[in-house]
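Chains, contacts and geometry: an overview
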Number of protein chains: 4
Amino acid sequence: MSEFDLIIHGGTVATAADTSGCDIGVKGGKIVALADHLAGASRKIDARGKIVTPGGIDGHCHIAQLTANGVWSADDFKSGSLSAVFGGTTTIIPFAAQNHGESLRQVVDAYHKSADGQSIIDYAFHLIVSDPTPQVLGQELPALIRNGYTSLKVYLTYAARKLTDHQMLDVLAVARREGALVMVHAENNDAIEWLTERLLEAGKTEPKYMPLAHTMATEREATHRAITLAEIADVPILIVHVSGREAAEQVAWGRNKGLKIFAETCPQYLFLTEDDFDKEHFHGAKFMCSPPPRDKANQEVIWRGLQNGLFHIVSSDHAPYRFDKTGKMFNGDNPPFPKVPNGIPGLETRMPLLFSAGVSEGRISLNEFVALTSTNVAKLYGLYPRKGTIAIGSDADLVVWDPERRVTIDNALLHHNVDYTPYEGITVRGWPDIVISRGDIVCDHGKLTAPHGRGVFLPCERSSLAGSVGHGAVGAG
Amino acid sequence: MSEFDLIIHGGTVATAADTSGCDIGVKGGKIVALADHLAGASRKIDARGKIVTPGGIDGHCHIAQLTANGVWSADDFKSGSLSAVFGGTTTIIPFAAQNHGESLRQVVDAYHKSADGQSIIDYAFHLIVSDPTPQVLGQELPALIRNGYTSLKVYLTYAARKLTDHQMLDVLAVARREGALVMVHAENNDAIEWLTERLLEAGKTEPKYMPLAHTMATEREATHRAITLAEIADVPILIVHVSGREAAEQVAWGRNKGLKIFAETCPQYLFLTEDDFDKEHFHGAKFMCSPPPRDKANQEVIWRGLQNGLFHIVSSDHAPYRFDKTGKMFNGDNPPFPKVPNGIPGLETRMPLLFSAGVSEGRISLNEFVALTSTNVAKLYGLYPRKGTIAIGSDADLVVWDPERRVTIDNALLHHNVDYTPYEGITVRGWPDIVISRGDIVCDHGKLTAPHGRGVFLPCERSSLAGSVGHGAVGAG
Amino acid sequence: MSEFDLIIHGGTVATAADTSGCDIGVKGGKIVALADHLAGASRKIDARGKIVTPGGIDGHCHIAQLTANGVWSADDFKSGSLSAVFGGTTTIIPFAAQNHGESLRQVVDAYHKSADGQSIIDYAFHLIVSDPTPQVLGQELPALIRNGYTSLKVYLTYAARKLTDHQMLDVLAVARREGALVMVHAENNDAIEWLTERLLEAGKTEPKYMPLAHTMATEREATHRAITLAEIADVPILIVHVSGREAAEQVAWGRNKGLKIFAETCPQYLFLTEDDFDKEHFHGAKFMCSPPPRDKANQEVIWRGLQNGLFHIVSSDHAPYRFDKTGKMFNGDNPPFPKVPNGIPGLETRMPLLFSAGVSEGRISLNEFVALTSTNVAKLYGLYPRKGTIAIGSDADLVVWDPERRVTIDNALLHHNVDYTPYEGITVRGWPDIVISRGDIVCDHGKLTAPHGRGVFLPCERSSLAGSVGHGAVGAG
Amino acid sequence: MSEFDLIIHGGTVATAADTSGCDIGVKGGKIVALADHLAGASRKIDARGKIVTPGGIDGHCHIAQLTANGVWSADDFKSGSLSAVFGGTTTIIPFAAQNHGESLRQVVDAYHKSADGQSIIDYAFHLIVSDPTPQVLGQELPALIRNGYTSLKVYLTYAARKLTDHQMLDVLAVARREGALVMVHAENNDAIEWLTERLLEAGKTEPKYMPLAHTMATEREATHRAITLAEIADVPILIVHVSGREAAEQVAWGRNKGLKIFAETCPQYLFLTEDDFDKEHFHGAKFMCSPPPRDKANQEVIWRGLQNGLFHIVSSDHAPYRFDKTGKMFNGDNPPFPKVPNGIPGLETRMPLLFSAGVSEGRISLNEFVALTSTNVAKLYGLYPRKGTIAIGSDADLVVWDPERRVTIDNALLHHNVDYTPYEGITVRGWPDIVISRGDIVCDHGKLTAPHGRGVFLPCERSSLAGSVGHGAVGAG
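Residues numbered from 1 in each chain as written. Chains lettered and ligands numbered in written order. Predicted model: local features only at pLDDT ≥ 70, side-chain atom pairs only at ≥ 80, totals over all residues. Heavy atoms only, no water.

Okay, the overall build of chain A next. Each helix and strand in chain A was counted, giving 12 helices and 19 strands. A globule of 477 residues ought to have a C-alpha radius of gyration of about 23 Å, and chain A, at 21 Å, matches this closely. Burial analysis of chain A (477 residues in total) assigns 68% to the buried set. The long-range share in chain A, meaning contacts at least 24 apart out of those at least 6 apart in sequence, stands at 77%. Entry remark: accessible area of chain A is about 14,300 Å², with carbon and sulfur atoms responsible for 48%. Computed over 45 positive and 55 negative side-chain charges, the separation of the two mean positions in chain A equals 2 Å. (Helix = DSSP H or I, 4+ residues; strand = E, 2+ residues; numbered from the N terminus. Rg over C-alpha atoms; globule rule 2.2 N^0.38 Å. Buried < 20%, exposed > 50% of the residue type's maximum accessible area, 1.4 Å probe, protein only. Contact = heavy atoms within 4.5 Å. Areas by Shrake-Rupley, 256 points an atom, 1.4 Å probe, with all protein chains shown as cover. Lys, Arg positive; Asp, Glu negative; His and termini not counted. Charge placed at Lys NZ, Arg CZ, Asp CG, Glu CD.)

Here it is in structure tokens:
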């Protein structure tokens, strides 16, 4: 056997199915050997007493994105990829977001431009489709899907983004024909606007009232509708950021009908509640994301969904806004809640939070953690087997975890370009010691060890989880 | 790197999570290396164009067992292990079955005696508990569980086997305290007997009437009851051989309540229907097992359950009786159906049938096939990671499949000691070329290449799927 | 005791709860006495061997209405009330239908003009709200509700009628504040249009393709959405013309959540199927209504819903179009299905069909028949106790049924202004012998015995079933 | 019109469907006239401002019954009927309870003897079948059912009463063949015994631990099993005293499957909770009945079930034991909970409690109150139309309620032979002023005005709600 560029020695190596003690041999950025003992490398990492997992893949994060109302996300590909790396994430899939009147192809080109030469780690793009013109549906999307942009995101809410049911059916039909997967932000826009009007009329303008406009019923309705449209178009979909029982029940209901409905959740629905919105001096805005976190009972529902297979992936929905005039206060010091940019940072904390509360505290197995944060994401978005596992031939994207290291989350520790974290003060057990991307050590015990710009764009294949076309089984394969 | 005893070269290697092209290096009966290319072995298998999976584990088969009514299962450990091997199964977990008045320890000793020096492949034992005396509950079971018999089977039907609800709670409490997993045969004995009396009164004695006594309602009720008893005792259970929609819905219902309910199904519920019981000249008896197969619509329900995670394992429930005086006709040439031994052979056909209809026909992924037939079985019964996967340190129990080989099932091809197969005439795509047990090639293109007696007893650890005690998540980890 | 104007003697008298043999004494148009024997009337009807029920109330019929696409319903108040009477219906509640840009008050005035002096029987109006302008919401509706128009109908489909979710919430909020009941036509307009486009593109233009555009999924989605909007606005609603399992399950789901969701079905969902649409020479158009009838299995679901309390009322949804240039062929001899006016006649057949298949064939009790066709309608729409029962003080609106009379339905027998009936050839058992309105015999053994114009407008009170405001129980009271 | 024996003048008269202001004319013990104004009676009751309902029928009460463990119920037909009357109940249906080894016919004879000449009001008997011998099944039951004992009660718990599933199927088959209705006490005996053993082992002997043995799961399981056995035998059943969500969900589930499952609940599940069991000095025993009351959330579930039609009847399950050596302390001053006779008094409080919390507080309509406490009971047990309504020809069993009278429940007010009431201190609004049985005023403003012994035995017809045989609809008819 040839020599290796890198050997990770003596760790407990976990995949979505297996846990075994072995050495990992890396060459040319790929995993080329797994064995009880390997030798002959220029570099060797001692992982004894450590856990080695595939690098995290964050399938839902907003980077260098201009929101419809003119606010830039605080992180660009430099700070975003930096933050990702320190949190054990080695692949990010942000969005190329079309605004009304724009050509999707030009949008993609612009996002590539903002990413080129910036990212430490590899990345792909989902396409946000806000304006499905005949040109977009008939020409741009088919070509882009063939070029490796195989996941489309649509919104059922936000005035500037939302599609009509007819437009959504058009997009689903293209997805079916061309082999793309459609991600759906499912909230009923009209109901939220109507409730918001009522709240504002009553002078209820503070952040804590936002969850009263974005109720579980508004999320449930749109989830049911999205599932129905997917049933009519006969194509799988993914419901993103499921927040609690009501939407979760719709996902289970659809799946029991035999529909291929995938679901994502995020750490905010496991660690935060709407009570967090009720902080003085506008600080509640720091927790404002949509749909909002619910309550403790709903956190348990989400945990159960992670345990019993309801959710396939856990993403951050990183939507970074600073607590200042560039972000949460873009529309004033204490604007009414509909004027506050929706979104919270979470790229760096996603993996440690889930490792700690999930694996360290025994709620999910180590293998389930790997599946939810990496393997299933890669399979869902057509990056597998290049990404998402520790197997021969896969990219050597790896995290060496110290399972006993305790860290209290403090924004000063984090590397995003946001001046707060909603998870401030939470102590986690388990932290990434070393993060490796394509065989390169990119982060070593809290030090960045790789340059910006080394990350490459990853064209995506058709989803191997969602399968070819039409509804079928939703399995773990 | 050291030399290997065996290298499997160039195959597509599948685990429950991953599929990759690599070589497998075996030494001392263990998998010691996975790499893009390995060299230096005394023996090398060319697996190019082939699929390599973990060897099958059959978690539900009756071998060398005397039924309560005096009929021996047709297969002993010689013929049973032979049949298993030719079907790609490298571990069997038959039962040590206690009859009333017997000491469980002595039962176990007796079964060991019948297995010693006979089996080609490794084996463990489940304990059938028919008479939970204070001695059994208080002393024998705790000791046996500590000795590696960590799965207990109880029956809610069959006069000679069935426990009262009180006895079942006693057994569940021991399982909880000592860390065992209880498997439940869930049919309502009273209801079946009552319906049988009505049918016999009406002169409806032929095999085709048996499913009218063993209705889905009788299975559903006992499933609900078993789940309730597990809820009360606060311990996981496994419902074995789920046959159709009604019982499946109860499993899903229990799991949605947060209970740790595992479920098994068998090929008979995917390939047979109750119409098969309606054959002339008593030939319907060849399909008689309990619960009986249902109809085509229920087959679809079972497939969906394999696809969406309802079922964790697929077993054969191999209960071999010849179509002669030693078996199906033990009580006469054409006895009324309650006098016919219940059970069908299936040890050898389990893996090819599921590979073909599942993987080759696209109903489940290759990884799901591995999970259902091997990995999850090993995890469920405390044999993982020694058995059930292709990972460094695991036993080199492997099957090299020719995914394109077409075989029409014919009893003459099979190696069990039964004079028929219920699957006669079915053509499958995909067949085991080579079967390997602890690094030994035991079956090579239809030839037995290993001696009887090489198989060893496997003491089982606590279930890693069922976890410690109490209900929690049911996941894939 | 004073003398009576009319005595109905010796009949079996049925209310929604009771069946008893007694005489009914009528004076001044009211029921003033029930007794084992009454005497002293100027007129006496011998009802021995007959069944006496409250007169039917048809809570859903289109009379003298101009559809949005310019087609008039074939029946005006003359022919409509005539047809109603012959079918045992003594109260009709058609619609005053607002088109875009119209004042609701002026619409109501116009409908009153078309009804004045025409109707044989009493009538009320529901208000169809198509254009909920601030003027309509803020002034016209509150005033009209106070004037006795306490039920509002909204559409989620039909381009010219459909409300946005926001508009529907506005209407629901008015209903809540002012004490009105909102009826919802629940089909997803976008999905139907999208499917229609696909069918037309494929050249599938005939009536038989219409159900492929109006699928159960499109009805289910809108039903779920309507329930959600009612939940958000915290007000009861009525889902009209539920066609089958999918929508019915949503109603049950909503009610199990504690929401006050009422549901209506119609004879077409009990007697017709979508197979009826597949008739040569455009004759399928004779069965075209929306949502369309489904299949035999769904008919059973609807019957079960009548039996177990899912449905509170059975209406005709009489939408009469002739099979000629004024109706079904308004847009040509064989236009594509979206160009065919949707709707079928049923005012006259509603009561006999349900009496026969329901009561005579034993599917529902006589009391349930009375509840579904009369009492619950009166309670739901604020006409109780004036209408809908046989109790002291109520209007003497009565039907004397010959429960054994067999009639084969033949359009020549009917009195609507439509040249066909979709129920042609069905033989019913049970037929109205005598129909009485406010003590007047209006129809006697097939002869009209009262003049047009005797019917009066009935201002409606607040619904006594839907209660005050907010969700609460849905009971039978 | 002839003269009347009695006229009730000017009341608001309520049936299960209607509410109207009218006079009621009574002659020969029957209702013979309802009219706006009646005259010519020897006696007249001024009911202006009052509500007149049918007399209550208590379909579940234990009178003059010896429990299996040797304790007599504290009320005989004298005190029992007295208590009933003062609470507005005019018909009682206690049990003739077979013990092991007894002839059912002789049991019935004995109960008749204890009732003869004692009861103030009319009564029927349910048969408790504890020992379904061939003699009982084949001869006694068929004859007794034909003699007017058309309801059978079976137990799935209590050592001395409980039937095996096989025995229950035997009883259900007789019920089906002969047209009887089977009432089921559904709790899993084995599970309760097993849990009780665990509690006693742990020294948990006080009344407050009883609900930990009789959990909702033990009730749910037996409910599911009873439904399954009814499904297998193809015959309707009634689940008595449903206590909370888990059993209620099973009833709804069975009914949704199309099975004819009726359900009863009792005031204890609306007004008490298991917290009441936790009283010092053994006073918790005063609340002990089986199944036990649950918690506030389950009370809401039961209210909802009353509102949406889940429950057909509300009974008292009056099982009177004094808080002394003859009753709760029969086995000592503070015996462990399994030694305490199960049951609480409630015959006299049933109607006022439900009137107050149901009608006065707006949870159910007056008509629903009548249906639940009287009409449906009469229909269910074959006493309709003789009992249960205010209609021509029915027995004049009536209650004149003062809807505004406030009474604080105090055992000193009550007339049962029990020295406490579990409802002590509850203030109700609405109380019976006058109670009439077959035209006789039996209770007038708190004074007994009729002799013991005037009540007669009522042979029951076949249930008109449960219908003939087999499962069908469960409606309100």
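This part is about the sheet that holds strand 11 (residues 151-155) of chain B. The strands making up a sheet are joined through hydrogen bonds of the backbone, oriented either antiparallel or parallel. Residue and element names in this part refer to chain B. Sheet architecture is open: seven strands sit in the order 8-10-11-12-13-14-15, paired in parallel fashion. This sheet does not close on itself; its edge strands, each paired only once, are strand 8 (95-97) and strand 15 (313-314). Note that strand 13 (residues 237-239) and strand 14 (residues 261-265) share three bridges and pair parallel. Opposite Ile 239, over in strand 14, you have Ala 263 as the bridge partner. Contacts between helix 7 (residues 216-233) and the sheet are confined to strand 12 (181-185), strand 13 and strand 14, with strand 13 contributing the most and set at about 175° to the helix. Where helix 8 (residues 245-256) meets the sheet, it contacts strand 13 and strand 14, and its direction lies at approximately 160° from that of strand 14. (Pairing = 2+ DSSP bridges. Axes fitted to C-alpha atoms, helices over the stretch in contact; angles between N-to-C directions.)

What follows is about the relation of the copies chain B and chain A. In this arrangement, two copies of a chain are superimposed by a rotation about an axis accompanied by a shift along the axis. Taken as rigid bodies, chain B and chain A are interconverted by a rotation of 180° and an axial shift of 0.1 Å, the fit giving an RMSD of 0.0 Å. Both copies of the chain, as the preceding transformation shows, are related through a two-fold rotation axis. (Least-squares fit on C-alpha atoms with pLDDT ≥ 70 in both.)

In this assembly, 28 residues from chain A lie in contact with 28 residues from chain C. Summed over both sides, the interface between chain A and chain C buries roughly 2,200 Å², with carbon and sulfur atoms accounting for 59% of that surface. Inspection of the chain A/chain C interface yields six salt bridges. In this structure, Glu 231 of chain C engages Arg 220 of chain A in a salt bridge whose closest nitrogen and oxygen atoms are separated by 2.7 Å. The tally of links between chain A and chain C comes to 18 residue pairs in polar contact (both at pLDDT 80 or more). Broken down by element, the side of chain A that touches chain C gets its largest block of residues, 10 residues, from helix 7 (residues 216-233) of chain A. Looking at the side of chain A that touches chain C residue by residue, the classes come out as nine nonpolar, seven polar and 12 charged. (Buried area = accessible area lost by both parts, 1.4 Å probe. Salt bridge = Lys/Arg side-chain N within 4 Å of Asp/Glu carboxyl O. Polar contact = N/O pair within 3.5 Å; in protein donor to acceptor, adjacent residues only side chain to side chain. Nonpolar A, V, L, I, M, F, W, Y, C, P; charged D, E, K, R; others polar.)

It is worth spelling out the packing of aromatic side chains at this point. The relative placement of two aromatic rings is captured by the distance of their centres and the angle of their planes. Overall, the coordinates contain 52 aromatic pairs over all chains when judged by the stated rule. Note on Phe 282 of chain A and Phe 323 of chain A: the rings are 5.8 Å apart at their centroids and 25° apart in plane angle, and the pair reads as stacked. Taken as a pair, Phe 282 of chain A in the loop between helix 9 (268-271) and helix 10 (296-307) and Phe 323 of chain A in the loop between strand 15 (313-314) and helix 11 (350-360) lie far apart in primary sequence, 41 residues in all. Look at Phe 282 of chain A and you get buried, because its relative accessible area is 4%. Taking the centre distance of 6.2 Å and the plane angle of 50° together, the rings of Tyr 123 of chain D and Phe 457 of chain D count as tilted. Separated by 334 residues along the polypeptide, Tyr 123 of chain D in strand 9 (residues 122-123) and Phe 457 of chain D in the segment after strand 19 (447-448) bring together distant segments of the chain. Taking relative accessible area as the criterion, Tyr 123 of chain D reaches 3% and is therefore assigned buried. Among the aromatic residues, ring-to-ring pairing joins Phe 77, Tyr 111, Tyr 123, Phe 125, Tyr 149 and Phe 457 of chain A into one connected group. The ring of Phe 323 of chain B carries Lys 286 of chain B above its face, with NZ or CZ at 4.8 Å from the centroid. Looking at Arg 363 of chain D, its charged tip hangs above the ring of Trp 303 of chain D, at a distance of 4.8 Å from the centre. (Phe/Tyr/Trp six-rings, centres within 6.5 Å; stacked < 30°, edge-to-face > 60°. Lys NZ or Arg CZ within 6 Å of the ring centre and 35° of its normal.)

Attention now goes to the nonpolar core. Ranked by internal contacts, the top residues of the largest apolar core, which has 289 residues, are Val 184, Ile 237 and Phe 369 of chain A together with Leu 141, Leu 152, Val 184 and Phe 369 of chain C. Beyond its immediate sequence surroundings of up to four residues, Ile 237 of chain A is in contact with Leu 172, Leu 181, Val 182, Val 184, Ala 226, Ile 227, Ala 230, Lys 260, Ile 261 and Phe 262 of chain A. If you look at the next biggest cluster of nonpolar residues, it comprises 284 residues, including Ala 97 of chain B together with Val 184, Ala 191 and Val 240 of chain D. (Core = buried A, V, L, I, M, F, W, Y, C linked by side-chain atoms within 4.5 Å.)

Residue and element names in this part refer to chain A. As a packed pair, helix 2 (residues 104-115) and helix 3 (residues 134-146) sit with axes 9 Å apart at the nearest point and diverge in direction by 35°. Between helix 2 and helix 3, the residues in contact are Leu 104, Arg 105 and Val 108 and Val 136, Glu 140, Leu 141, Ala 143 and Leu 144, respectively. For the contact of helix 2 with helix 3, the class distribution of residues is six nonpolar, no polar and two charged.

Time to look at unusual backbone geometry. Residues and elements named next belong to chain A. Tyr 384 connects to Pro 385 through a cis peptide bond whose omega is 5°. Within the secondary structure layout, Pro 385 lies in the loop between helix 12 (366-380) and strand 16 (398-408). Located in the positive-phi region is Tyr 158, a residue other than glycine, with phi close to 75°. Assignment of secondary structure puts Tyr 158 in the loop between strand 11 (151-155) and helix 4 (165-178).

What follows is about the interface of chain B and chain A. Taken together, the contact pairs 37 residues of chain B with 37 residues of chain A. Both sides together, the interface formed by chain B and chain A hides about 2,600 Å², and carbon and sulfur atoms give 51% of it. If you look at where chain B meets chain A, you find zero salt bridges. Seen at the junction of chain B and chain A, the total is 11 residue pairs in polar contact (both at pLDDT 80 or more). For the side of chain B that touches chain A, the elements supplying multiple residues, two or more each, are strand 2 (19-27), strand 3 (30-35), helix 10 (296-307) and helix 12 (366-380) of chain B. Of the residues that constitute the side of chain B that touches chain A, the class distribution is 16 nonpolar, 14 polar and seven charged. Direction of pairing for strand 3 (residues 30-35) of chain A relative to strand 3 of chain B: antiparallel, over a ladder of three bridges. Bridge assignment links Ala 33 of chain A to a residue of strand 3 of chain B, and that residue is Ala 35 of chain B.

Below, the discussion takes up the sheet that holds strand 7 (residues 89-92) of chain D. Residue and element names in this part refer to chain D. Pairing in this open sheet of three strands is parallel, and the strands run 6-7-9 from one edge to the other. One side of each edge strand has no neighbouring strand; the edge strands of this open sheet are strand 6 (56-58) and strand 9. Here two bridges tie strand 7 to strand 9, and the two strands are oriented parallel to one another. What sits directly across from Thr 91, in strand 9, is Asp 122.

Turning next to the packing of helix 11 (residues 350-360) of chain D against helix 12 (residues 366-380) of chain D. Residues and elements named next belong to chain D. Close contact between helix 11 and helix 12 brings their axes to 10 Å; oriented N to C, the two are set at 150°. With respect to their mutual orientation, helix 11 and helix 12 come out roughly antiparallel. The interaxial crossing formed by helix 11 with helix 12 has right-handed handedness. Of helix 12, the residues touching helix 11 (which contributes Arg 350, Met 351, Leu 354, Phe 355 and Val 359) are Leu 366, Phe 369 and Thr 373. Residues that form the contact of helix 11 with helix 12 fall into these classes: six nonpolar, one polar and one charged. (Parallel < 35°, antiparallel > 145°, perpendicular 65-115°, else oblique. Left-handed = near helix turned anticlockwise from the far one by under 90°.)

Residue and element names in this part refer to chain B. Structurally, the position occupied by His 62 is in the loop between strand 6 (56-58) and helix 1 (77-86). In this structure His 62 comes out as buried when scored by relative accessible area, which is 10%. Here Gln 65 takes part through its side chain, which lies 2.8 Å from a polar atom of the side chain of His 62. At a separation of 3.2 Å, a polar atom in the side chain of His 62 contacts the side chain of Asp 317. Not counting chain neighbours up to four residues away, the residues in contact with His 62 comprise Ser 73, Phe 95, Lys 153, Tyr 155, Asp 317, His 318, Ala 319 and Pro 320.

Residue and element names in this part refer to chain A. Over its 12 residues, helix 2 extends 17 Å from the first C-alpha to the last, a length consistent with the 16 Å expected when each residue adds 1.5 Å. Along helix 2, the residues that are buried comprise Leu 104, Val 107, Val 108, Tyr 111, His 112 and Ala 115. Along the axis of helix 2, the buried residues cluster in a sector spanning 135°; they form a single face. Exposed residues lying more than 90 degrees from the buried face of helix 2 are Gln 106 and Lys 113. For helix 2, the secondary structure elements touched by its buried residues are helix 1 (77-86), strand 8 (95-97), strand 9 (122-123), strand 10 (126-128) and helix 3. The N-cap residue of helix 2 is Ser 103: its side-chain oxygen and the backbone nitrogen of Arg 105 are 3.2 Å apart. In the segment just after helix 2, Gly 117 is the residue with positive phi, at about 75°. (Expected span 1.5 Å × (residues − 1). Arc of directions from axis to C-beta.)

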